[in-house]
Amino acid sequence: MLRSVRSLHGCVIRAFDGDIGSVNQVYFDDESWGVRYLVVETGNWLNDRQVLISPYSVERAAPPSHTVRVSLTRQQVRDSPNIDAHKPVSRQHEIEYLRYYSYPTYWGGPNLWGMGAYPAFDPGEAVPDAGPELPIRPIMHASRARADVHLRSTDAVKGYHLETADGSLGHVSDFIYDDEAWAIRYLIVDTHNWWPGGKEVLIATDWIHTVDWFASTVSTSLTREVIQHSPLYDKSVPIHRSYEVALHQFYGKHGYWSNARIR
């Protein structure tokens with residue numbers, strides 16, 4: 001099911017033996033738009049410490065009920081590697097985190113989650129060593145401050161301007177993710193300040209060819225006029241596959257669900 005990242009904010013993370021905290025923000029992989037971690041504020045329970053929760057541990061996410069159930073204990077979370085939310089999460093820190101929980105790495109394979117399309121694994125199987133990073137996908141970012149930093153916060157990217165083939169059009173106001181694959185499928189772009197009677201539109205992440213992290217822009221080869229006449233997006237209505245098909249047909253694009261390689 002497709003949901004907005006905004007709907008995750010504030011959701012309570014519920015472990016086997018009690019609540020861990022609430023979702024503060026989301027980290028995604030800047031090479032594939034995969035949602036890699038939920039950043040959770042633990043409140044008084046862990047002295048306001050922030051912890052990472054991987055989709056590998058999520059049993060069920062139900063934003064309407066404002067809870068996300070995870071297959072973890074509070075002690076596991078208490079003993080997990082510390083993070084500094086004010087600094088970028090390095091690949092080395094991810095390796096330490098994944099090894100702690102015995103999760104497989106999501107990089108080094110042909111699909112969104114390494115060898116799989118979804119964040120699922122058999123806990124009984126041996127987890128291969130993380131090893132060096134493999135560049136398995138085209139790098140979409142225009143610049144990077146540190147070579148081993150691959151995670152971005154949706155909070156930080158919110159507000160980035162959309163650059164089209166013929167000029168600026170709007171800014172990123174939210175993200176739509178697939179709660180099965182844990183992939184960001186669309187950016188919600190608010191165009192109200194760019195033309196009278198503007199609206200929010202969906203731009204598929206597959207249609208973004210460049211993200212400039214220093215200029216705070218995302219770029220697409222689509223034109224402003226085409227986007228202006230795109231199918232209406234109503235955030236109060238769930239996104240069904242029929243709407244996605246109509247949206248992709250309007251732009252003359254193939255849907256991510258029909259790609260030969262699983263993403």
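Each value, and the rule that gives it
- Residues numbered from 1 in each chain as written.
- Predicted model: local features only at pLDDT ≥ 70, side-chain atom pairs only at ≥ 80, totals over all residues.
- Heavy atoms only, no water.
- Buried < 20%, exposed > 50% of the residue type's maximum accessible area, 1.4 Å probe, protein only.
- Helix = DSSP H or I, 4+ residues; strand = E, 2+ residues; numbered from the N terminus.
- Contact = heavy atoms within 4.5 Å.
- pLDDT = per-residue confidence, 0-100.
- Polar contact = N/O pair within 3.5 Å; in protein donor to acceptor, adjacent residues only side chain to side chain.
- Arc of directions from axis to C-beta.
- Core = buried A, V, L, I, M, F, W, Y, C linked by side-chain atoms within 4.5 Å.
- Pairing = 2+ DSSP bridges.

Engineer: Teacher, can you tell me more about helix H2 (residues 91-101) here?
Structural biologist: Residues three or four positions apart in an α-helix share a direction because the helix packs 3.6 residues into each turn. Among the residues of H2, those classed as buried are Arg91, His93, Glu94, Ile95, Tyr97, Leu98 and Tyr101. The secondary structure elements touched by the buried residues of H2 are strand S4 (35-41), strand S5 (50-53), helix H1 (74-78) and strand S8 (151-153). With its phi angle positive at about 60°, Ser102 sits one or two positions after the end of H2.

Engineer: It is not clear to me how the confidence of the model for the chain should be interpreted in this structure. Could you clarify?
Structural biologist: If pLDDT is low for a region, its predicted coordinates should not be looked at in detail. Residues with a pLDDT of 70 or more make up 87% of the chain, whose mean pLDDT is 87. Confidence, read as mean pLDDT per element, is least for strand S6 (residues 58-62) in the chain (80) and greatest for strand S11 (residues 183-190) (97). The low-confidence segment residues 130-141, where pLDDT is below 50, has 32 contacts with residues more than four positions distant or belonging to other chains.

Engineer: I'm lost on the environment of Ile239 in this one. Help?
Structural biologist: Tracing the chain through its elements places Ile239 in the loop between helix H4 (224-228) and helix H5 (241-251). Note on Ile239: relative accessible area 13%, which makes it buried. A C-alpha to C-alpha distance of 6.3 Å links Ile239 and Leu2, two positions 237 residues apart in sequence.

Engineer: I keep staring at the side chain of Ser153 and nothing clicks. Help me out?
Structural biologist: Within the secondary structure, Ser153 is located in strand S8. Judged by its relative accessible area of 11%, Ser153 is buried. At 3.0 Å, the side chain of Ser153 forms a polar contact with the backbone nitrogen of Asp155. Apart from residues no more than four positions distant in its own chain, Ser153 is found in contact with Gln25, Val26, Tyr27 and Phe28.

Engineer: Is there a simple way to think about H5 in this case?
Structural biologist: When we look at burial in H5, the residues that qualify are Tyr243, Glu244, Leu247, His248 and Tyr251. Down the axis of H5, the smallest arc covering the buried residues is 130°, so these residues share one side. Turned more than 90 degrees from where H5 packs its buried face, Ser242 and Gln249 sit exposed. Against the buried residues of H5 lie strand S1 (2-4), S11, strand S12 (200-204) and H4. Note on H5: the residue one or two positions beyond its end, Gly252, has a positive phi of about 70°.

Engineer: So what exactly am I meant to see when it comes to the nonpolar core here?
Structural biologist: Within soluble globular proteins, side chains that are nonpolar tend to cluster in buried spots. Grouped together as the largest cluster of nonpolar side chains are 74 residues, with contacts concentrated most on Ile13, Leu38, Val70, Trp182, Leu202 and Ile203. Tallying contributions element by element places S11 first for this core, with six residues. What Leu202 contacts, discounting residues up to four positions off in sequence, is Ile176, Tyr186, Leu187, Ile188, Trp207, Tyr233, Ile239, Tyr243 and Leu247.

Engineer: When you look at the pairing of strand S2 (residues 12-15) in this model, what are you seeing that I'm missing?
Structural biologist: Put simply, side chains in a regular strand alternate between the two faces of the sheet. Burial along S2 is one-sided: Ile13 and Ala15 are buried, and none of Val12 and Arg14, which face the opposite way, are. In this structure, S2 lies alongside strand S3 (residues 18-29), joined through four bridges in antiparallel fashion. Across the sheet, the residue bridging to Ala15 is Gly18, located in S3. Once S2 ends, the chain turns through two residues before running back antiparallel as S3. Across three bridges, S2 lies against strand S7 (residues 67-70) in parallel orientation. Across the sheet, Arg14 pairs through a bridge with Arg69, a residue of S7.

Engineer: Where do I start with the pairing of S3 in this structure?
Structural biologist: As defined by bridge partners, S3 adjoins S4 across six bridges and the pair is classed as antiparallel. By the bridge assignment, Tyr27 is partnered in S4 with Tyr37. The hairpin turn running from S3 into S4, its antiparallel successor, is five residues long, and Trp33 in that turn takes a positive phi close to 65°. Pairing of S3 with S8 involves three bridges; the strand directions are antiparallel. From the neighbouring strand, Asp29 faces S8, where its bridge partner is Leu151.

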